[in-house]
Amino acid sequence: MKMDDDAPVIYGLEFQARALTAQTAETDAIRFLVGTQSLKFDNQIHIIDFDDENNMINKSVLLHDAGEIWHISGSPADKAVLTTCYSKTSENRVLTCAAVWRMPPEWESGSHESPDDSSNNPQTLELLCHLDNTAHGSVACVLWEPLGDGKRVISLAENHVLLWDLQESSTKATISSTATLEGKGQLKFTAGKWSPHHNSTQLVTANDTAIRGWDLRSMSQIYCIENAHGQLVRDLDFNPNKQYYLASCGDDCKVKFWDVRHINEPVKCLEEHSHWVWSVRYNHSHDQLLLTGSSDSRVILSNMVSISSEPFGHLVDDDDLSDNEENQQEDKGKEPLQDSIIATYEEHEDSVYAVEWSAADPWLFASLSYDGRLVINRVPRALKYRILL
Amino acid sequence: MSSATTPPDSDPTGRRQVHSMLKLYYGMNEEGKVESLDPCDINGPHFDPEVYLNKLRKECSLGELMDHESCTVKQIRSLDSDMQTLVYENYNKFISATDTIRKMKNDFKKMEDEMDCLSANMAAITEFSAHISGTLQDQHAQITKLSGVHTLLRKLQFLFELPARLNKCLELQAYAQAVSAHRRARCVLQQYSHMPSFRGIQDDCHVIMEQLAQQLRQKFRDGGSSAKDLSECVELLLQLDEPAEELCDKFLSHAQSRLEADLQGLEAELIDSLVTDTGGGLVQKTNPGSNPVSPSSSSTTNPFLSPTAGTDILEFIDRGCNEFVSNLCLVIASYQELFINHPQEGELASKKIPEMANGKLHVFVDTLAARYFSLVERRIQEEKGVGDNSLLVRALDRFHRRLQAISKLLPGSAVPSQGTEIVVRAARERIKQYLSALQTFYHDSLTDVRQALAAPRLSVGGASASGGGATSKDATPSLPELLTSLSNFILNQLKSVLASVHLFTAKDITFSNKPYFKGEFCSQGVREGLVVSFIKFICQSSRQYCESAGDRGGSTPPALLLLLSRLCLDYETSTISYILTLTDEQFLVQHHTPVTPVTALCAEAREAAQKLLNHYVKVQGLIISQMLRKSVETRDWVNTIEPRNVRAVMKRVVEDTTSIDVQVGLLYEEGVRKAHSSDSSKRTFSVYSSSRQQIRYAPILIHTFTCAALLVSVLTGIIKISLKTFLECVRLRTFGRYGLQQIQVDCHYLQMYLWRFVSDENLVHFLLDEIVGSAAHRCLDPSPMEQSVIEVICERG
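Because the structure is predicted, anything quoted here is derived from the model rather than measured.

Conventions adopted
- Residues numbered from 1 in each chain as written.
- Chains lettered and ligands numbered in written order.
- Predicted model: local features only at pLDDT ≥ 70, side-chain atom pairs only at ≥ 80, totals over all residues.
- Heavy atoms only, no water.
- Helix = DSSP H or I, 4+ residues; strand = E, 2+ residues; numbered from the N terminus.
- Buried < 20%, exposed > 50% of the residue type's maximum accessible area, 1.4 Å probe, protein only.
- Areas by Shrake-Rupley, 256 points an atom, 1.4 Å probe, with all protein chains shown as cover.
- Contact = heavy atoms within 4.5 Å.
- Polar contact = N/O pair within 3.5 Å; in protein donor to acceptor, adjacent residues only side chain to side chain.
- Salt bridge = Lys/Arg side-chain N within 4 Å of Asp/Glu carboxyl O.
- Pairing = 2+ DSSP bridges.
- Axes fitted to C-alpha atoms, helices over the stretch in contact; angles between N-to-C directions.
- Phe/Tyr/Trp six-rings, centres within 6.5 Å; stacked < 30°, edge-to-face > 60°.
- Lys NZ or Arg CZ within 6 Å of the ring centre and 35° of its normal.
- Parallel < 35°, antiparallel > 145°, perpendicular 65-115°, else oblique.
- Nonpolar A, V, L, I, M, F, W, Y, C, P; charged D, E, K, R; others polar.
- Patch = residues over 30% accessible without salt bridge, like charges linked within 9 Å, V, L, I, M, F, W, Y side chains within 5 Å.
- Lys, Arg positive; Asp, Glu negative; His and termini not counted.
- Charge placed at Lys NZ, Arg CZ, Asp CG, Glu CD.
- UniProt positions renumbered as here; feature names shortened; annotations may be inferred.
- Core = buried A, V, L, I, M, F, W, Y, C linked by side-chain atoms within 4.5 Å.
- Disulfide = S-S within 2.5 Å.
- pLDDT = per-residue confidence, 0-100.
- Expected span 1.5 Å × (residues − 1).

**Student:** So what exactly am I meant to see when it comes to the overall build of chain B here?
**Tutor:** Helices and strands together make up the secondary structure of chain B, namely 23 helices and zero strands. In chain B, which comprises 797 residues, the share counted as buried stands at 42%. In the structure as shown, chain B presents an accessible area of about 42000 Å², 57% of it carried by carbon and sulfur atoms.

Laid out in structure tokens, this is it:
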């Protein structure tokens, strides 16, 4: 079993899928949530549990009958609570809505006993509240306040930023403040990220080729990187350890790193993918590790040492020094790490729209391609030890 | 008379025996002669007759005795006669001798008397003489005293007259006389200065000499006088105890003021030329001083020349050489004449004037030369026009040549080497200027190309449609023509630059045999600094086109990218090696330092070409993708009407692809396409079958130019990018029934026209299948259109 530790684990869904998230509040089990896209059948949320010991996957399925899921996001405070963005067709009009859901409490026990039956008789998500957006148009994504108490979310609807307060155990959502992006043409947010820094008072959004930063206290724009990418910006992520650093990716096949204090030029630019890059994620603990997924059906794990918070490798604690003299010697022999691609994962056969690090295990990540294939991979062990030791 | 008694022994030895016996008699014993002690020797002194007789008697017979007796008697007789003869002879001699002695006795007596008389006379004379001296003594002393007084008086007179004389000399400007006169009197005056009268004279003299020195100094300062005058002046001043150092300083400062004037003239010219430059005036300065301009410099007024309207650099340098440098040389020469080579006499020699003077001269020359050099450098820096290099080279040559004169005059001076450094710097600067000129030229040519490309934008399309009308080609240059003209322009420019730079190493230029110009200039300067840098610049700027265009929305026209990529490729295949060979041959480059090899440059050019081509694919792909994306995103696919036509976007896509095909085909040969199935355009789509078909989107990178399928791979890449975009966009939308059908129609249309451009038509099929499949998946009411209807619609256009 240990031999196969680095081998990817593949799980296939019956439906096409775009939405993937790690269960943020869950820190013990390695758990991912996948939302499916189907116009004809009832959509589902697959809860993928990865058993690290046995290298096995346990799944549970919850029914999401509101519509096909475009975006999914788990509450950072309550692991049973999540939001989805789903499209709803009514009167020949397609509208993407957002809602807060609670998983039924029994899903865990039921799934273990008869995993095969779960598809036959899946349990349904319990609706907590809608993030009513009829006035603002289709929702692109919903963002939870990072490290928050699960009471505040932001939804990006067309060209509006809506900040919601969830009250009464998330059963009531009220808009506490809004901001609107004004400008020529049809402006539409494509992606956003709530910054975990600055007391969670900052938000960054992407529309077309521009990246904008917002101050949530005044709901006003604080910076704008025009033409951040040659084409559409698809995704953003904050460096978890460096408050001004931000990664973005887009249709120009590039991944760019920004220092938002100097927005004229990117700090760094990667051009490894041969088609649109749909998703970019920093590792939550080791910010040199960066994951990108692209519609060239590849996932690339990069090691961006030079712009990480640990540019010279992990600082060795005193305890470690006394523990192992040999290790120390090896450390000295090592050269400083260079920015490099660690691995290119080619298990997918269709466009990869989402990649996500596990919330529980910093060395593990999942990627989801349109054909419904979920692949769980690990950071190569050699690199892991190199970073740790 | 013993000899008479002793009988002579034998006749032949008789005379000697006689002689010796005489000697014996007179006691003149011959030393060394061993007397025989034999008593039997009848001639010996110890002869004993008894012993002899006894012996004879004992030994001899009677006969023998008889014989002996007769013999002896005979000998005795002859001896007797000899004796008689001798006595007779000598008697006469005795007589005469006695006579002589007597005569002498008388003579001496007479002489003695005369001597007595003489001594008496002498005594008288002595007495007289003493008497006379005694009487003359007083008078003599008086005369001596008088004569002493006389000379003293003469001296005093000289002294008293001195001031007047000096004055007169001064009037007559006979300075030398005055100085020598004063010199003679100086010591005396000094010695007796305690006496008031002398003090007066001394003071007078001082005043006069001061005046004289003043005049001399004045004369020296005026400097208008000839070198000989000056030297005399200096000499006199030196003799007047004027400190040599001060003189040197004065001389030099005087010379400096004149040279400063020259320098200021130059500087003024410099500023003038600046002013006229900026003003663009046509003031042609007439140069009064410098007529010996070489005949070739008539070309300085060449209208083809760079627009420096003022004096050109050759005139400037000429003026500098003729005025400043030659004056400087004169100053050095006369200074050396005066202070250094001048034979020093007496006390002056001890002052080590030459060393001091030499030091001063060096400092003087160095400071002035530094100012001159800074002016020259400023002027050289202004020489920015790269039109005609020969002028600059000739100017530098003259500059350098003239400085050699200083090195001859002043062997230890650093000035000539500094001059050489300036020349080297100028050459370096020149290379840089040429490089930047080439670069701007390159940019300008590219701008021209860009404009040319912008103008015939329609004609390219038109050419593609009409198969290339001759008229449109005549009106505006086609891509290949642009390429050839561009590369010819660049090459010619580079060649002319090389020719210009080559002047630096011409045989008749003095500095061309300096080690810098033989080695480093050729290899590091021209080859690396100019040619290689330029080639690298081309590659680099080409690469920049790839980078900047991607971010800023493709400001570079794609055709330019294509053109540049072909240019780089041509460079890789032939041009680079040609240029470098040309350079190496022209400059006979001997590589002491490592130089960039041809292969490295070729690799760089190739890389640039590849990058450009890849970028071209990306840009063109992007243009088509954007069209497709906008068309998918902006439409309401749920509520669309039943399709009657192919959407205009699709026609546009096909048109653009065709024109790209033409464009690329103009520059790159067409590759071999796969044989197409005859019914490839009629292939039908199955809406569902492809839903699970695996399709991998592989990156399109063109790796080899030797591959004949280059054109095809370019087109394949563009089409792949476009269709992939189409697919992704479709996946983000939801379709109604007619939406799906419209996609079906569009895809069929694309299928009909795009297959011909790609190497593997299956690729197009796959992607189009995937698009239709995805659209079907995202369709709320998936009821596909009849294939026959689709075909009809598509054929209708």
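**Student:** I tried to follow the overall build of chain A on my own but got confused; where do I start?
**Tutor:** When its secondary structure is counted, chain A shows four helices and 29 strands. Out of the 389 residues belonging to chain A, those deemed buried represent 57%. Across chain A, contacts joining residues at least 24 apart in sequence account for 52% of those joining residues at least 6 apart. Carbon and sulfur atoms make up 45% of the accessible area of chain A, which amounts to about 16100 Å² in all.

**Student:** What is the right way to read the side chain of Arg-430 of chain B from this model?
**Tutor:** In this fold, Arg-430 of chain B is placed in helix H12 (residues 415–454). There is a polar contact of 2.9 Å between the side chain of Arg-430 of chain B and the side chain of Gln-433 of chain B.

**Student:** Would you mind going over the interface of chain B and chain A with me for this structure?
**Tutor:** Where interface size is quoted, it is often the accessible area lost as the parts come together. In this complex, chain B contributes 30 residues to the contact, which on the side of chain A involves 40 residues. For the interface between chain B and chain A, the tally reads three salt bridges. The residue Lys-618 of chain B makes a salt bridge to Glu-271 of chain A at a minimum N-O spacing of 2.8 Å. Remark: the boundary between chain B and chain A carries eleven residue pairs in polar contact (both at pLDDT 80 or more).

**Student:** Honestly, the sheet that holds strand E18 (residues 220–225) of chain A in this entry has me stumped. Any pointers?
**Tutor:** The strands that make up a sheet pair up through hydrogen bonds in the backbone, lying either parallel or antiparallel. All names here are of chain A. As summarised here, the arrangement of the four strands in space is E15-E16-E17-E18, forming an open sheet in which the pairing is antiparallel. Of all strands in the sheet, those with a lone pairing partner are strand E15 (189–194) and E18, marking the two edges. Neighbour-to-neighbour, the strand axes of the sheet open up by a mean angle of 25°, direction not taken into account. In this sheet, strand E16 (residues 202–207) lies alongside E15 in antiparallel orientation, the contact comprising five bridges. In the sheet register, Gly-192 faces E16, and the bridge partner there is Thr-205.

**Student:** Where do I start with unusual backbone geometry in this structure?
**Tutor:** Trans is the common state for peptide bonds, and a negative phi is the common state for residues other than glycine. Residue and element names in this part refer to chain A. Not every positive phi belongs to a glycine, and Asn-227 is a case in point at roughly 50°. A positive phi is found at Ser-297, a non-glycine position, where the angle reads about 60°. Along the chain, Ser-297 falls in the loop between strand E24 (289–294) and strand E25 (299–303).

**Student:** Would you mind showing me how to read the packing of aromatic side chains here?
**Tutor:** To describe a pair of aromatic rings, you give the distance between the ring centres and the angle between the ring planes. Residue and element names in this part refer to chain A. In this structure the tally under the stated criterion is 18 aromatic pairs over all chains. Three or more aromatic residues joined by ring pairs make a cluster, and in this case those are Trp-276, Trp-278, Tyr-353 and Tyr-370. Against the face of Tyr-353 rests Arg-18, its NZ or CZ located 4.1 Å from the ring centre. Just above the ring of Trp-278 sits the side chain of Arg-234; from NZ or CZ to the centre is 4.3 Å.

**Student:** Please explain the packing of helix H21 (residues 737–754) of chain B against helix H22 (residues 761–777) of chain B as it appears in this structure.
**Tutor:** The geometry of a pair of packed helices is captured by two quantities: the angle between their axes and the separation between those axes. Residue and element names in this part refer to chain B. Direction vectors running N to C along H21 and H22 enclose 175°, while the axes themselves pass 9 Å from each other. Between H21 and H22, the interaxial angle falls into the category roughly antiparallel. On H22, the residues that touch Leu-740, Ile-743, Gln-744, Cys-747, Leu-750, Gln-751 and Leu-754 of H21 are Val-764, His-765, Leu-768, Ile-771, Val-772, Ala-775 and Ala-776. The residue makeup of the contact of H21 with H22, split by class, is eleven nonpolar, three polar and no charged.

**Student:** What's the story with a nonpolar patch on the surface in this structure? I'm lost.
**Tutor:** On the surface, a nonpolar cluster with roughly 400 Å² of combined accessible area is contributed by Met-115, Leu-118, Met-122 and Ile-125 of chain B. Relative to the helices and strands, Leu-118 of chain B is located in helix H4 (residues 62–172).

**Student:** Looking at this model, I keep getting lost on the sheet that holds strand E9 (residues 123–124) of chain A. Mind explaining?
**Tutor:** All names here are of chain A. Spatially, five strands are ordered E2-E3-E4-E5-E9 in an open sheet, and the strand pairing comes out mixed. Edge positions in the sheet fall to strand E2 (16–22) and E9, since each has one partner strand and no second. Note: strand E5 (residues 56–64) against E9, two bridges, orientation parallel. Its bridge partner lying in E9, Leu-63 is registered against Thr-124.

**Student:** How do you make sense of a negative patch on the surface when you look at a structure like this?
**Tutor:** A surface patch of like charges, here negative, comprises Glu-112, Asp-113, Glu-114 and Asp-116 of chain B. Within the element layout of this structure, Glu-112 of chain B appears in helix H4.

**Student:** Hey, could you run me through the UniProt feature "repeat: WD" (unreviewed entry) in chain A in this one?
**Tutor:** UniProt annotation of "repeat: WD" (unreviewed entry) refers to residues 226–261 of chain A when read in the numbering used here. From the first C-alpha to the last, residues 226–261 of chain A spans 14 Å; its make-up is 0% helix and 47% strand.

**Student:** For this particular structure, what's the right way to read the nonpolar core?
**Tutor:** It is characteristic of soluble globular proteins that their nonpolar side chains tend to be buried jointly. Of all hydrophobic cores here, the largest spans 193 residues; its most connected members are Phe-339, Phe-364, Tyr-372, Phe-504, Phe-521, Phe-726 and Ile-743 of chain B. Within the second largest apolar cluster, 18 residues are counted, among which are Ala-22, Ile-30, Leu-364 and Ala-366 of chain A.

**Student:** How do you make sense of the pattern of salt bridges when you look at a structure like this?
**Tutor:** Close approach of charged atoms lets side chains of opposite charge pair. Tallying each qualifying case throughout the model produces 32 salt bridges over all chains. Ionic pairing is found between Glu-26 of chain A and Lys-79 of chain A, a salt bridge with its closest N-O pair at 3.0 Å. Of this pair, Glu-26 of chain A sits in the loop between E2 and strand E3 (30–37) while Lys-79 of chain A sits in the loop between strand E6 (68–74) and strand E7 (81–90), and the two are 53 residues apart along the sequence. Between Arg-281 of chain A and Glu-356 of chain A there is a salt bridge, and its shortest N-O distance comes to 3.2 Å. Here the residue Arg-281 of chain A occupies a position in strand E23 (residues 277–282), and Glu-356 of chain A occupies one in strand E27 (residues 352–357), the gap between them amounting to 75 residues. An identical accessibility class is assigned to Arg-281 of chain A and Glu-356 of chain A; each is buried. Salt bridges sharing common partners tie together Asp-350 of chain A together with Lys-724, Glu-728, Arg-731 and Glu-770 of chain B.

**Student:** Would you explain the pairing of strand E12 (residues 152–157) of chain A in this entry?
**Tutor:** A regular strand places its side chains on the two faces of the sheet in alternate fashion. Residues and elements named next belong to chain A. Counted residue by residue, E12 has five buried out of six residues, so it is predominantly covered. With five bridges joining them, strand E11 (residues 139–144) and E12 adopt antiparallel strand pairing. The residue of E12 that forms the bridge with Val-142 is Ser-155. The sheet contact formed by E12 and strand E13 (residues 160–167) spans six bridges and is antiparallel. When the sheet's bridge partners are listed, Val-153 is paired in E13 with Trp-164. Connecting E12 to the next strand, E13, in antiparallel fashion are two residues, including Glu-158 with a positive phi near 50°.

**Student:** Is there a simple way to think about the state of the cysteines in this case?
**Tutor:** The term disulfide refers to a covalent linkage connecting the sulfur atoms of a pair of cysteines. Applying the stated criterion across every chain yields a total of zero disulfides over all chains. The thiol of Cys-141 of chain A is not disulfide-bonded; the next cysteine sulfur, from Cys-85 of chain A, is found 6.4 Å away. Free cysteine Cys-747 of chain B: the closest other cysteine sulfur is in Cys-794 of chain B, separated by 9.7 Å. Under the relative-accessibility criterion, Cys-747 of chain B is labelled buried at 0%.

**Student:** Help me understand the confidence of the model for chain B, please; the structure alone is not making it clear to me.
**Tutor:** Parts of the model with low pLDDT should not have their predicted coordinates read in detail. All names here are of chain B. Put simply, chain B has an average pLDDT of 74, and 77% of its residues get 70 or more. Within chain B, the lowest mean pLDDT, 40, falls on helix H14 (residues 470–475), and the highest, 89, falls on H21. In the model, residues 277–309 has pLDDT below 50 throughout and makes 38 contacts with residues more than four positions away in sequence or in other chains. Every residue in residues 457–475 is under pLDDT 50, and counting partners more than four places away or in other chains gives eight contacts.

**Student:** How do you make sense of the environment of Leu-622 of chain B when you look at a structure like this?
**Tutor:** Residues and elements named next belong to chain B. Assignment of secondary structure puts Leu-622 in helix H18 (residues 598–633). Accessibility expressed as a relative area gives 23% for Leu-622, which makes it partly exposed. When the C-alpha atoms of Leu-622 and Ile-718 are compared, they prove to be 8.2 Å apart, with 96 residues separating the residues in sequence.

**Student:** Would you take a moment to explain helix H19 (residues 648–667) of chain B for this structure?
**Tutor:** It helps to recall that an α-helix has 3.6 residues per turn; residues three or four apart then point in one direction. When the terminal C-alpha atoms of H19 of chain B are compared, their 29 Å separation across 20 residues agrees well with the 28 Å that a helix rising 1.5 Å per residue should span. Within the sequence span of H19 of chain B, burial applies to Met-650, Val-653, Val-654, Asp-656, Thr-657, Ile-660, Asp-661, Gln-663, Val-664 and Leu-667 of chain B.

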